[in-house]
Structures are given as structure tokens and as C-alpha cells.
Amino acid sequence: MERSWTPPPQPTAVSATPESVPRLRQTSVHLCPTGDLTYGRQDVLRDIQDIGQVPFSYLKDAILPPLPSKVDIDKIKSSLGASKQLTPTGRWAAFSVDPSAGTDKADVVFECLLEVFSAIIKEARESTNRTATLKMISSPSVAPQSGGGSPSRPDAYLLMVDAKKKSVSLRSSPNVTRDSWDDIAASFEFKKGESETDQRINDQNIIRNLHYVMRNDPCRRATFGITIENSNMRVWFTCRSMTLVSEPFNFVTNVEDTIYLFCCLAFAEDHELGWDTTIERVLYKKAIQYRITINGTVYQTVDIISDFGAEAMRGRGTRVFKAYSLADGEERRVVAVKDAWRYAGQRREDEILRDILADIKATGGDHAEIAARQHFLTVLNQDDVKIEGVMDDTQQLLRGKELPDPMSWYKVSLDAFQDPDSQKIHHKQHFRLVFDEIGQPVFALQSLCDVIRTLDGAMKGLWYMHTAGWIHRDISSANVLQYKDRGLIVDLEYAKRMTSGENDGGRKGTVDFMACEVESQEYHFLPSTPIPNCAFSPATPSIRQSRQAVLANPLHDLESVWWVLIWVLHNHMDAEARDPAPMQAAVYRNYFPRNRPEESGRLRAVCLLLCLNASVFPPTFFPAVMAADGMRECLLVSYGRAEMTLGPSGLDVSDLHLECSRTFTKMLKELYDYLKSSRDIRLLPLPAVRSNI
């Protein structure tokens, strides 16, 4: 038998590459959307932590839409002076004194900004003979209409003019006059003062606005925001790779930059303002849906399968729709359309799948390839998105310009833990895939039988991957699907050949389901590793560290399967019993420590070392808990035996991972047969976990 080896470890720790450091994004946890506005805002800030701060001149060169060719800033300024819009001292007449010096409330003071905007656009329109794309609205007491139910009320915003609107109305009444977030190109937040508190409140509000747009609107690739404290204006920009803010400038006296900003935004094309021109919002059967172009084929969506991946403002923005091709006519074959962003330089999932299946065929023959296909998605169409003929990536959103180096960083999160990756910007590329199968992720399943059968199917898929020399590196409750009566493995972007020799950093995947030693980059099962007596005592001995980088191997994929099962058992109760076990929610937070990201790998490793306590689960879960504990013991034995071989050549896990895989499959099969012959358990998400996350 061909032996599997992990790549040789390096003598020193591996530095993170663009996709190598996993982050527990608070907005991307399945249980995050609690409906509590305060929690939601805090989660967004925790995810961002640091924002790149750049000179306003950089925004002009790289980010803001190009200034229309016939716009002459000096000429507009001269005309505004002649029309008394500027005082003899060169400041805006509407702001004869700074906002902080006025006696009126902030909403009254900053209504004068509409006068400034209108005067600038009037002069620019006359010199360019162009119609503005945007108009400015000030309505701080009325929240714009939103499909996501956001109560956000920006102090002002730049809105698409009627002829360019992107929104569609669900109502036929002509009396509906509320503006829509779908048509807002930039939101404003104002404060008369300029204290740290004023700035912090503005920061939180504008980030919330930016996040809302990126989270809820599939038609956006990027969006803008503007904050003002007294006379200090800052311009914000966010896309799937970064959030940037300009250094402040005095908009009252620096009239040139104010004219430039309003003109470049007001006369911009849709794609320059962040809209995706390859997606059209439409009304379909009295619901908002989308028409998405992929390789020249237009797909009409009919429902959303998952938009969980779009929760994080700077994440992969993954959305999956049910859709059909408009070219199908009356047939309307329903498929799955995936819209997402991958790291620049990373291969597309369909390309990786093609290589996996080729290797399975090479090692196991045609029969193995045919059998393996039953546990992966079938790709029907694929493409890298192009906007106006240009590849859509976040580097292109900067017009190909490099970020300032060095760049100052602006902290927005008050968390004590500082993620070392929060001050890195990693570009991403926009792509789309069409799949034949429409599955349901494990986290959405409501039957324990379905969960076990689906995980068993995932084990079969992993068996084929592992025996062909591949590892997945991102098994999670979202990346294993139930399709008909089998389990499918999806999201192959992190999959790699074990013998590729690539040293791209060991940490990949979804933190809650990642193998503990991969997350913490410490070997936990080396000889003489102390096993603590108390699970969660502060005096718990440290896991023995190694100077060698911990790179993923097949056992780590199996551990991720175990963590998926543990997540299901801890996060659900028996729907017929209705009452969770007394300690279930508390123990869940020990196994999935969201509030201690810097220690998550070690804390979860301690849980892996300890026997499962059946008393913290509903009594009907007992057979599943025993199966999970048997899988845990198998993992520990396999890890211990593997790490006895740690040396210059890496870990020898070939026979061990195959033996462990057989044990997992046997236990899952026996558990499934037991549940089918006795009583299936209908799963109900644990309320205490959802409300106290």
C-alpha cells in the first residue's frame, strides 16, 4: 500500500499566508443572528477589529470613482464663489461657523450639507452637460426600506435617481414613498462634536450601515460611507477583502476635496459605486429574486438556499440560490447557483474537484471514480465574474493600485484579544458555480437519523479523497450536505494533495470544526503529553508544544467530522422532550468557546481528551453520545500512535487514518441502524445556546 505522509515539518513556525489564519467571525456563526441590535453591532466590530487608514489622496487615486473628464474643480469653485455659496474667506457660506459652534441640533445643522451638495452638482452639471446618478437625501428620523428588517437610520445618504434605481417594490400602491437601502450608494453619519465618544459612535453606526449593505444585497461588490465630526470628514470604503477609512479633512474649509468627493460620486457609473452589473434584482412570484449571468447564461433565482457566508463584511460573501436557466424555456430544471469570493491565486472549486476525481480514478480505477462522484457535487457551469469586461477582484476595485506601505491602522473593536491577521489585507476574486444537486447542510437538518446518514456519506467521500492522497481541511456543519439519501462533501477550496509539498500554513477551515492542534499550531498528543484532571481549570497544564509547524493530515479531517457530530448533539434537544438537559448550554460553550478565540484550540483540545458526560445531554441522545465517545477514543489512540513517529520526515498516518476511518464508519452505521429500528430523534435547536451566545 502506498504510504501517506504529511509534508515534512519546518524547523520554525510557519508565517501566515493570505488564507492560512482562520478567524472565528462572530457574524458567521450559525447562531449569531439573535435579533438583538446591540449584539449584532458588537459582532461586526469584533470581526473587523482594525481598519486601514489611508490619505484622502489615495482614495482619489485608487478607490473613488474617476472624476468626469469635463469636471473642472477650480472652475466650479470660482462659480460657487461668484454665486455666494462660498464666503470671502473661502469656506462654505452654509457653514459660516463650525457645526460645533451652532446652537441647533445636529440634524438641523447638517441639513445645510444638502445645500452644499446641490450647489456643487448644479455647477458640475452645467459644465459637463451630464445628469447626476445620485441625489442627496437627509431624513434621519425615517429608516430606509430594507428587506433584511434593519432598523438602521443613517443621518443622510446618496440615493440613486429614479431612472437608475435598483430596487423593486413588493407593493403596488403608489403611496409607498420610503427610499430603499437597495438604492443607497453611500450613507452619512453626523456628530456636531468631535470627542472620542462622538467619533466612536459615528464609527459604529457607519460600520453597521456598511455591513448591512454587504450582508443583505447580493448586487453589491463594495459600498461607501461618510462620517463627519464637527467639520472633520472621513470617507469609508468596504469590499470583501478590506475596510478602509480616509484621514480626516476639513470639509468646511477644504472646499476642493469636498467638490471632488461629491462630483466623483454623483456622476459615477453603477459599477464604480460598487454595484454588480451581472446581477439584476427582479420581482418573481411576488418576491424579490435575482437574475444572475454566468458564462453568458442567465439564471433566474427562485429561493435562497444559504446566505450564511455573507454575514461577515470582509468574508467570502458566499450565497447559494435555487435557480433555473432562462434558456430552459418551460422545463425549468432547478439547480444550485453559488456566488462567492475566493482568495486571489486560489484555484476554483470545480478545478480542484476535477483533479481529485482524476486522482481517485488513477488510484482506484473507473469504479472508484464513479462511486466517489456520489459524494461530491456535479458542476454544470462555472465562471470567474467579469465587470465591464474586467476580472472582478478586490485588486481591480482599487484600480490595480497597491495599498500604502506602511499603512496606519485604525482600531474600531474594543476587544482585548488582538487577532494578528486583522492588520493584513488579502485580495479575493469573484466567481460563480452552478451545481446539479441541491442539498441541505447538516446544521439545518432536523432528524438525528439524517445527520448520522449524512456524516456517514461524508466519511465515504473522505475515504476516496484520502486514499487518493487528498485532504479536505474544511469539514464543517455547513460543508456537509444531505442530498436524497446520501451525504455530500462541498467547499473544496482548501483541499490539497498531501504530497504536494506546499507549505501554505497549517491553519485552514472553520474554527469551531477545525482539528484542535491545527488551530492552535501545537501538537497535543506527543509522548508524555499531560492529561489534565480538571477540564476547565485555569491551572490546566499547557499542551506540550513543538517547534515544528502542524500541517493538516487525514486524521484532522476525521476530527472535524467528530466536531460536527459534537456540535449537533450539544446544540440540539429532543423535540418531543422539549426540555434541554440542565447543563447542556453551559457545556456547549466550553466545547465551542466563542468568547476566548486566542485559547480556542487548547480549550477544545481539553474537551477532546475527556470522556463525554452523557448526563449533560437529553436521555434519548445516549446511543449517539456513546458512539461519539467511541470515535473520540479512536482519534486519541490514532493521534498518540501517529505522533510517536514525528521526525524530520513528518508524521506517518497512512495506516492509522484508514483504520480510524473504518472505525468511524462502523460506529456511524451501527448508530444509524439503531435509530432506524427504534425511534428517530427530531432535533430542536437549543434556545439557551441561541439566546446566550
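Structure's up top.
Residues numbered from 1 in each chain as written. Predicted model: local features only at pLDDT ≥ 70, side-chain atom pairs only at ≥ 80, totals over all residues. Heavy atoms only, no water.

Regarding the overall build of the protein
Put simply, the rule reads: Runs of H or I in DSSP of at least four residues are treated as helices and runs of E of at least two as strands, each being numbered from the N terminus. Exposure categories follow from relative accessible area, calculated using a 1.4 Å probe and restricted to protein chains: below 20% of the type maximum is buried, above 50% is exposed, and the middle band is partly exposed. Accessible surface is estimated by sampling points in the Shrake-Rupley manner with a 1.4 Å probe; for residues, cover comes only from the protein chains shown.
Secondary structure summary: the protein contains 17 helices and 25 strands in total. With 693 residues in all, the protein has 56% of them scored as buried. Carbon and sulfur atoms make up 49% of the accessible area of the protein, which totals about 28100 Å².

Regarding the sheet that holds strand S13 (residues 335-343)
What counts, and what does not: Whether two strands pair comes down to DSSP finding at least two bridges between them. For every element, the axis is a line fit to its C-alpha atoms; helices are fit only across the contacting stretch, and the angle between N-to-C directions ranges from 0 to 180 degrees.
What the 7 strands build is an open sheet, ordered S9-S10-S11-S12-S13-S18-S14; its pairing is antiparallel. Two strands close off the open sheet at either side, each with one partner strand: strand S9 (279-284) and strand S14 (379-384). Neighbouring strand axes in the sheet, compared pairwise and without regard to direction, differ in orientation by 35° on average. Note that S14 and strand S18 (residues 428-435) share 5 bridges and pair antiparallel. Considered in S18, the bridge of Asp-384 is made with Phe-431.

Some thoughts on the packing of helix H3 (residues 73-82) against helix H7 (residues 255-266)
Note the cut-off: Any angle that falls under 35 degrees is termed roughly parallel, while one over 145 is termed roughly antiparallel, one within 65 to 115 roughly perpendicular, and all others oblique. Each crossing gets its hand from how the near helix is turned against the far one by less than a right angle, where anticlockwise is left-handed and clockwise is right-handed. Contacts were defined at the residue level, with two residues in contact if any of their heavy atoms lie within 4.5 Å.
Packing of H3 against H7 brings their axes to within 10 Å, and their N-to-C directions diverge by 110°. In terms of axis orientation, H3 runs roughly perpendicular to H7. Of the two possible hands of crossing, H3 and H7 adopt the one that is right-handed. Two secondary-structure elements touch here, H3 through Ile-73, Ile-76, Lys-77 and Leu-80 and H7 through Val-255, Glu-256, Ile-259, Tyr-260 and Cys-263.

What about the nonpolar core?
Applicable threshold: Only buried residues count toward a nonpolar core, which is a set of Ala, Val, Leu, Ile, Met, Phe, Trp, Tyr and Cys residues joined through side-chain atoms within 4.5 Å.
In terms of nonpolar packing, the biggest core is built from 79 residues, with Leu-448, Leu-455, Trp-562, Trp-563, Leu-569, Tyr-591 and Phe-664 touching the most fellow members. At the level of elements, helix H8 (349-373), helix H10 (448-467), helix H11 (516-520), helix H12 (554-571), helix H13 (584-591), helix H14 (600-609), helix H15 (622-643) and helix H16 (654-677) are the ones that each hand at least two residues to this core. Here the element with the most residues in this core is H12; it accounts for 11 residues. With 74 residues, the next largest nonpolar core counts Phe-56, Ala-132, Ala-222 and Val-255 among its residues.

Regarding the pattern of salt bridges
Selection criterion: Any Lys or Arg side-chain nitrogen located within 4 Å of an Asp or Glu carboxyl oxygen qualifies as a salt bridge.
A full pass over the atoms with the stated rule returns 42 salt bridges. Between Lys-77 and Glu-256 there is a salt bridge whose closest N-O contact spans 2.6 Å. Here the residue Lys-77 occupies a position in helix H3, and Glu-256 occupies one in helix H7, the gap between them amounting to 179 residues.

Notes on the sheet that holds strand S21 (residues 480-483)
Two modes of strand pairing occur in sheets, parallel and antiparallel, and in both the strands are linked by backbone hydrogen bonds. The strand order S19-S21-S22 describes an open sheet built from 3 strands, whose pairing is antiparallel. Unpaired on one side and paired on the other, strand S19 (440-441) and strand S22 (486-489) mark the two borders of the sheet. The pairing of S21 with S22 spans 4 bridges and is classified as antiparallel. Each bridged residue has a counterpart across the sheet, and for Leu-481 the counterpart in S22 is Leu-488.

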